[in-house]
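As a plain string of letters, each chain reads:
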Amino acid sequence: MKKLDRFILMSFVGPFFGILVIVIFIFMLQFLWVYIDDLVGKGLGFKVIIEFMGWGSCTMLPISLPLATLLASALTIGFMSENSELIAMKASGISLARVMAPLTVAAAVITIGAFFTLNNLVPLAYNEIFTLRDDIGKTKSEINIPTGTFYDGIDGYILHVRSRDKKSGMMYDVMVYDHTGDKGNTSLTLADSALMKMSKAKDYLTFDLYSGINYVEDNTMAYMDTNLTLNRTDFEKQSLIIPLKNYSFQKSSSNRFSEQSKAMSLSKLSHGKDSLTNRLDSTISVQEKMIVEAQAVNYRTQLDTAFTLDGRSLMDYSSLKWRNTGDEVRGIQNAMAMAEEMEQRMEQYQDEQEEDAWLLRRVNSEIFGKFAKAFACFILFLIGAPLGATIDKKAGVGSAAIIAVLFFVLYWVVDITGTKLANDGAMTAAEGIFLSTVVLLPIGIILTNRAIHDKSIINTSKFKTGWKQLTFKIKSMFSKTRIVYFGTPEFAVAPLKALVEGGYDVVGVVTVADKPIGRGQKVGESAVKRYAVSKGIPVLQPLKLKDPAFLSSLAALKGDLFVVVAFRMLPEEVFTMPPLGTFNLHAALLPQYRGAAPINWALINGERMSGVTTFMIDKNIDTGGIILRQECRISDTDTAGDLHDKLMPLGADLVLQTTQGIIEKTIETRVQRSFIQGSEILHPAPKLTKELCHVDFNASTKEVCNLIRGLSPYPAAFTELYREDSQPPVQLKIYRAEKFDLPASLSGTPAPGTILSDGKTYFAVATLDGAVALTDVQLAGKKRMEIKAFLAGFREPESWKVTKGSSHSEIMKTRQSGE
């Protein structure tokens, strides 16, 4: 056995047995609660009680073993995950499937052991517990004569005691009525005081009576003599011995309950099943014979062709007619009486079959139950281990245990339901008993498969978020937090929409002033303004953020919280105004890419990961304390537009979480330098310039491709095409490009900026280390089009040249400023 396997097994075995003991103890409390009335007041010895509890604990094993396996597997893997041991194993190349391998073997061993336990130990325990319960039930309660009332707890006697000395046990003013004779109530003893003693074997009771009188009436009357004799005897001390039965516990033979289905092993159940089946078949055979020979079937030979065709033809029923209406009525009444008689007979036969059929169903259920309950240990292991492996570290291993218990409750309910349906005959024994297996086995396989492939099973944070949102909505019904929203472009619409639809009270929106756009110079409104107007939200459009009139209007909104998404830098007079502060949504993982164009610069620099960040605004640009971050993976073909669309819903969700957290005061900020790892270089994200957009092909192919997709679709990278005939250069915007493999027929390496094309299918430009093929372009004054459509109207492409661009130098300047 390898050290890893030994470590994992040792981590599992201890919790398994510990949990098993705890679970049995918990179920035993319920067991004692049911039988506490049978145990108390019987004077049972300590040994009897321990034996009763011991066998009772064994009867709890069918339900305790699956639960212990479930919780032990969940906690073992859960603690490994919580203590980062599981992460260390995965980092060293050990998969979760390999980690679960020794536990799977242990679960299989537990399953096999559970089967033998259910087949051998549990039936014996039920046999013993049935016997003990019956013997204890026959044992009478201890004699405790109350004062001031007549006590008839002793067979044949009625006693009355006026008072008792608790220290000495002496009873005063005692009356004893003796009913043991055949002549009724003929003996009465009155005593000033008395002491009662029980023999050690509890087979007789001794009353020592002091200073009393004994009255005995002779009810014997002779013929013609109606006189009765009353004898009175005074005494100073008299001892009355009363024989007792069943006051001491006597254990009987346990063979009386060996025929109970729960007290039978698999071999005995199989034998009993055969006996019941034969008896039921015999009963049905007898009943069938009795039905055929019943008086109600008087003319049964009419349908017997062997009889009817013996020299005769079949009766023609169509020719039969009633002689008169009276005969018809009597015939119908006679037929109805016979039908009712047959119906009653069938009901009687059904009742006769039901007892054997019910016993047979119980036996079949017990047979299948031994396999199903043992296999449940393995099924619940398949549920518990994945739950432990995929726990939410914030919630801790306790969340996995709680969810595991819920799965066990599901198993328990389904198992009880299936067993009842099987015993009642609504389902076959196999269907009812294995119903829990059919329900939970697919769940266990799915959970295990997701855990092995590192897929989350249950995201508890989403449940927490949903609960917080519910409580927030309830609170907001009484007092809502007033929010003022700052934003301009389409990217800022999704968070605003999420806030409005989430029930938050957005009392105002601040956006840029309307300005002429396009060739027609029509006045254009920002995307945020259009949405705000559609929802009836007041809009402020200041030209200057420090304008006193704007500040006055902003203060009049009485905002409790300011939310900023894709807006200008706010002056201190603005972001310090709300009592809950002002936070901003940034389209990058701060502290990386501080600035105005984080999406573009992440792609220009060839990043594989981006995201969104919310942070509290301070006087510097994008330097405030970070609240929340959400990562987003960048694919090799993503453009700035694609990444924009990916980040927009993530940003909207993050704004909701941040807003709710600030209102509920459940979040904390972290300084940005805490996210910097080692010698990590921070990359800035300054504004995009025309010089950056002008492609310099005297750079690597990768840099040129990243630049083009980082600027697509807006503002778009471009190059300028010109000919030697001194015509002015023509701008060509580039929206998509890809690495181009140089043709084998090409002689030599083309200089950077050289145009390569076949005039029909491709248009490429040589770079420092290869070439890039332009696939989506727009010539000045033309529409945007695919390269084939472009070449259809662009003649002699190789006769054109590109002007020297400035993008490479701009990229180098930006990177140096970050360093």
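Here, every reference points to the structure presented above.
Fair warning: this is a prediction, and the values are worked out from it, not measured in the lab. (Residues numbered from 1 in each chain as written. Predicted model: local features only at pLDDT ≥ 70, side-chain atom pairs only at ≥ 80, totals over all residues. Heavy atoms only, no water.)

S.K.: Account for the overall build of the chain, with residues named and values stated.
M.R.: Counting secondary structure elements, the chain contains 22 helices and 24 strands. Expressed as a percentage of its 819 residues, the buried residues of the chain come to 43%. Carbon together with sulfur atoms contributes 57% to the accessible area of the chain, which is approximately 45000 Å² in total. (Helix = DSSP H or I, 4+ residues; strand = E, 2+ residues; numbered from the N terminus. Buried < 20%, exposed > 50% of the residue type's maximum accessible area, 1.4 Å probe, protein only. Areas by Shrake-Rupley, 256 points an atom, 1.4 Å probe, with all protein chains shown as cover.)

S.K.: Describe the nonpolar core, with residues and values.
M.R.: One finds Phe16, Ile77, Val99 and Ile383 to be the most contacted residues of the largest nonpolar core, which totals 71 residues. Counting only elements with at least two residues in this core, the list comes to helix H1 (3-39), helix H3 (61-82), helix H4 (85-91), helix H5 (96-138), helix H6 (266-292), helix H8 (325-389), helix H9 (397-424) and helix H11 (435-452). If you tally residues by element for this core, the top one is H5, at 16 residues. With near-sequence residues (within four places) excluded, Ile383 lies in contact with Leu70, Phe407, Leu440, Ile443, Gly444 and Leu447. Among the nonpolar cores identified, the runner-up in size contains 38 residues, and Tyr504, Phe583, Ile599 and Ala652 belong to it. (Core = buried A, V, L, I, M, F, W, Y, C linked by side-chain atoms within 4.5 Å. Contact = heavy atoms within 4.5 Å.)

S.K.: Got a sec to walk through the packing of aromatic side chains? Specific residues and values, please.
M.R.: Scanning the model with the defined rule gives 18 aromatic pairs in all. Ring geometry for Phe27 versus Trp412: centroids 5.7 Å apart, planes at 85 degrees, classification edge-to-face. Of this pair, Phe27 sits in helix H1 while Trp412 is found in helix H9, placing the two residues 385 residues apart along the sequence. Residue classification places Phe27 among the buried positions, given a relative accessible area of 12%. Ring centres 5.1 Å apart and planes at 35 degrees place the aromatic pair Phe794 and Trp800 in the tilted group. (Phe/Tyr/Trp six-rings, centres within 6.5 Å; stacked < 30°, edge-to-face > 60°.)

S.K.: Go over the packing of H8 against H9 with me, naming the residues and quoting the values.
M.R.: Relative to each other, H8 and H9 sit at 165 degrees, their axes nearing to 10 Å. Taken together, the axes of H8 and H9 are roughly antiparallel relative to one another. H9 is crossed by H8, and the crossing has right-handed handedness. Residues Trp358, Arg361, Arg362, Ser365, Lys373, Ala376, Leu380, Ile383, Leu387 and Gly388 of H8 pack against Ala400, Ile403, Ala404, Phe407, Phe408, Tyr411, Asp415, Ala422, Asn423 and Asp424 of H9. When the residues that make up the contact of H8 with H9 are grouped by side-chain class, the tally is 12 nonpolar, three polar and five charged. (Axes fitted to C-alpha atoms, helices over the stretch in contact; angles between N-to-C directions. Parallel < 35°, antiparallel > 145°, perpendicular 65-115°, else oblique. Left-handed = near helix turned anticlockwise from the far one by under 90°. Nonpolar A, V, L, I, M, F, W, Y, C, P; charged D, E, K, R; others polar.)

S.K.: An account of unusual backbone geometry is needed here, citing residue identities and associated values.
M.R.: Cis rather than trans, the peptide bond between Leu590 and Pro591 has omega equal to 10 degrees. Tracing the chain through its elements places Pro591 in the loop between strand S13 (582-586) and strand S14 (594-595). A cis amide bond links Tyr714 to the next residue, Pro715, at an omega of 0 degrees. Following the sequence through the fold, Pro715 ends up in the loop between helix H20 (701-710) and strand S18 (717-722).

S.K.: Can you break down the sheet that holds strand S11 (residues 539-540) residue by residue, with the values?
M.R.: In a beta sheet, neighbouring strands are held together by backbone hydrogen bonds and run either parallel or antiparallel to one another. Spatially, seven strands are ordered S11-S8-S7-S12-S13-S15-S16 in an open sheet, and the strand pairing comes out mixed. At either margin of the open sheet sits one strand with a lone partner, and together these are S11 and strand S16 (626-633). Here S13 pairs with strand S15 (residues 609-616) via four bridges, running antiparallel. Across the sheet, the residue bridging to His586 is Thr613, located in S15. (Pairing = 2+ DSSP bridges.)

S.K.: With reference to specific residues and values, describe the packing of H3 against H9.
M.R.: Two numbers describe how H3 lies on H9: the axes approach to 9 Å, and their chain directions differ by 155 degrees. Taken together, the axis directions place H3 and H9 in an arrangement best described as roughly antiparallel. In this structure, H3 crosses over H9, and the sense of that crossing is right-handed. Across from Ile63, Pro66, Leu67, Leu70, Leu71, Ala74, Leu75, Gly78, Phe79 and Glu82 in H3, the residues of H9 making contact are Val397, Ala401, Ala404, Val405, Phe408, Tyr411 and Trp412.

S.K.: Pulling in residues and values, what's your account of a nonpolar patch on the surface?
M.R.: Where nonpolar side chains cluster on the molecular surface, the patch consists of Ile22, Phe25, Ile26 and Leu29 and spans about 410 Å² of accessible area. Considering the arrangement of structural elements, one finds Ile26 in helix H1. (Patch = residues over 30% accessible without salt bridge, like charges linked within 9 Å, V, L, I, M, F, W, Y side chains within 5 Å. Salt bridge = Lys/Arg side-chain N within 4 Å of Asp/Glu carboxyl O.)

S.K.: Just give me the short version of a negative patch on the surface, but keep the residues and values in it.
M.R.: Taken together, the side chains of Glu340, Glu343, Glu347, Asp351 and Glu352 define an acidic patch exposed on the protein surface. Within the secondary structure, Glu347 sits in helix H8. (Lys, Arg positive; Asp, Glu negative; His and termini not counted. Charge placed at Lys NZ, Arg CZ, Asp CG, Glu CD.)

S.K.: Tell me about the sheet that holds strand S1 (residues 150-151), residues and numbers included.
M.R.: Read from one edge of the open sheet, six strands run S1-S2-S3-S4-S5-S6, paired in antiparallel fashion. Here the strands that pair on one side only, and so sit at the sheet edges, are S1 and strand S6 (229-243). Judged from the two bridges that link them, S1 and strand S2 (residues 157-164) form a sheet pairing that is antiparallel. Bridge pairing in S2 links Tyr151 to Leu159.

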